[in-house]
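Notes for the structure review
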Amino acid sequence: WNSIIQRFRTEFDEHPELMGLIMKDDGSMVRGGNQFETTNPRVIELAIEYLRERFRNEGWDNSANVCIAMGPSDGGALSLSPETVNASVPRVNFESGKEDGTDIIVLFLNAILERTSKEFPNLRLGFMAYSWHTDYPMRYKPHPRIVISIRDINFSRYHSMLDLTSKSRAYYKDIVLQWGKLAKEQGNQISHAIYSWNLAEKVMPY
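Please read these numbers as outputs of a predicted model, since none were measured by experiment.

Definitions and cut-offs
- Residues numbered from 1 in each chain as written.
- Predicted model: local features only at pLDDT ≥ 70, side-chain atom pairs only at ≥ 80, totals over all residues.
- Heavy atoms only, no water.
- Helix = DSSP H or I, 4+ residues; strand = E, 2+ residues; numbered from the N terminus.
- Buried < 20%, exposed > 50% of the residue type's maximum accessible area, 1.4 Å probe, protein only.
- Expected span 1.5 Å × (residues − 1).
- Phe/Tyr/Trp six-rings, centres within 6.5 Å; stacked < 30°, edge-to-face > 60°.
- Salt bridge = Lys/Arg side-chain N within 4 Å of Asp/Glu carboxyl O.
- Contact = heavy atoms within 4.5 Å.
- Core = buried A, V, L, I, M, F, W, Y, C linked by side-chain atoms within 4.5 Å.
- Pairing = 2+ DSSP bridges.
- Axes fitted to C-alpha atoms, helices over the stretch in contact; angles between N-to-C directions.
- Polar contact = N/O pair within 3.5 Å; in protein donor to acceptor, adjacent residues only side chain to side chain.

**Overview of the overall build of the protein chain**
When its secondary structure is counted, the protein chain shows 6 helices and 6 strands. Helices (α) and strands (β) of the protein chain occur, in sequence order from the N terminus, as α-α-β-β-α-β-α-α-β-β-α-β. Expressed along its principal axes, the backbone C-alpha trace of the protein chain runs to roughly 50 × 45 × 30 Å. Across the 206 residues in the protein chain, those meeting the buried criterion constitute 46%.

**A few points about helix H5 (residues 102–115)**
The terminal C-alpha atoms of H5 lie 20 Å apart, and with 14 residues this matches the ideal 20 Å at 1.5 Å per residue to within 8%. H5 sits mainly inside the fold: 11 of its 14 residues count as buried. Along H5, the positions that sit buried rather than exposed are Thr102, Asp103, Ile104, Ile105, Val106, Phe108, Leu109, Asn110, Ala111, Ile112 and Leu113.

**A few points about the packing of aromatic side chains**
Taken as a whole and judged by the stated rule, the model has 9 aromatic pairs. Members of the aromatic cluster, joined through ring pairs, are Trp1, Phe12, Phe36 and Phe108.

**Some points on the pattern of salt bridges**
Counted under the stated rule, the structure contains 13 salt bridges. One network of salt bridges, with partners in common, ties together Glu49, Arg52, Arg56 and Glu119.

**As for the environment of Ile22**
Of note, Ile22 is situated in strand S1 (residues 19–23). Given a relative accessible area of 27%, Ile22 falls into the partly exposed group. In the structure, Ile22 is positioned 12 residues away from Thr10 in sequence and 20 Å away in space, judged by C-alpha atoms. When near neighbours in sequence (up to four residues on either side) are disregarded, Ile22 contacts Ser28, Met29, Val30, Gly32 and Gly33.

**Let's talk about the nonpolar core**
Among the nonpolar cores identified, the biggest contains 47 residues, and Phe12, Met70 and Phe108 are the most heavily contacted of them. Residue assignment for this core shows that the elements contributing at least two residues are helix H1 (2–7), helix H3 (41–58), H5, strand S4 (124–129), strand S5 (146–151) and helix H6 (167–186). Not counting chain neighbours up to four residues away, the residues in contact with Phe12 comprise Ile4, Ile5, Leu18, Met19, Phe36, Val43 and Leu46.

**Some words on the sheet that holds S5**
Pairing is parallel in the open sheet, where 4 strands are placed in the order S3-S4-S5-S6. Edge strands, defined here as strands with exactly one partner in the open sheet, are strand S3 (67–69) and strand S6 (190–193). Each strand axis lies, on average, 25° off the axis of its neighbour in the sheet, ignoring direction. Two elements, S4 and S5, share 5 bridges in a ladder whose sense is parallel. Looking at S5, one finds that Leu125 is bridged to Ile146. Against the sheet, H5 touches S4 and S5, its axis set at about 170° to S4.

**What about H6?**
Between its first and last C-alpha atoms H6 spans 29 Å; for 20 residues at 1.5 Å apiece the expected length is 28 Å, and the two agree. Positive phi appears at Gly187, one or two residues downstream of H6, with a value of about 85°.

**As for the environment of His143**
Relative to the helices and strands, His143 resides in the loop between S4 and S5. Residue class for His143 comes out buried when judged on its relative accessible area of 16%. Spatially, the C-alpha atoms of His143 and Leu177 are 18 Å apart, while their sequence positions differ by 34 residues. Ignoring any residue separated from it by four or fewer positions in sequence, one finds His143 in contact with Asn110, Leu113, Glu114, Gln186 and Asn188. In this structure the side chain of His143 is engaged in a polar contact, spanning 3.0 Å, whose partner is the backbone nitrogen of Arg145.

Quick look at the structure:
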């Protein structure tokens, strides 16, 4: 999303309603942060224009079988606007205690793929499932051309997914199994990798 924001920086600056609604430390609500407002129709249009430019710049035919990353900016969190909250689900992220945004990302990617199905019939859009969007969607079924890269950065890495003594690892195992079931059902490309060491952590290596 950061690439889209930077590409259309002037429009985002002139129309702050295109950015997510975030809470400042003093409790006030402002438009800004790292994420845009996925439920705004104009944001979807800008994302599609970004994809068109990628195809033109790379010299790809519209029927090219490619996957383009379309996940949120690193850091930050889900917009707290009424539009986003109403479109999401009442679920709290396991690790952070904040609102989970997996469904909002799936809804956003679904909208793009559905609107470009004739223009880019083989386009796939990918995102990394981690941070505040690390779960399996409850409300929206992912489009078959959504590609998922699952990472366990939020969960215990002292335990294997077969270790029932770890509540977080058992929860993570269920997430992986649900994505795997979807892959078998409709062909979504799914990958999984383990964070044996996370650069964001100031602790001894695992």
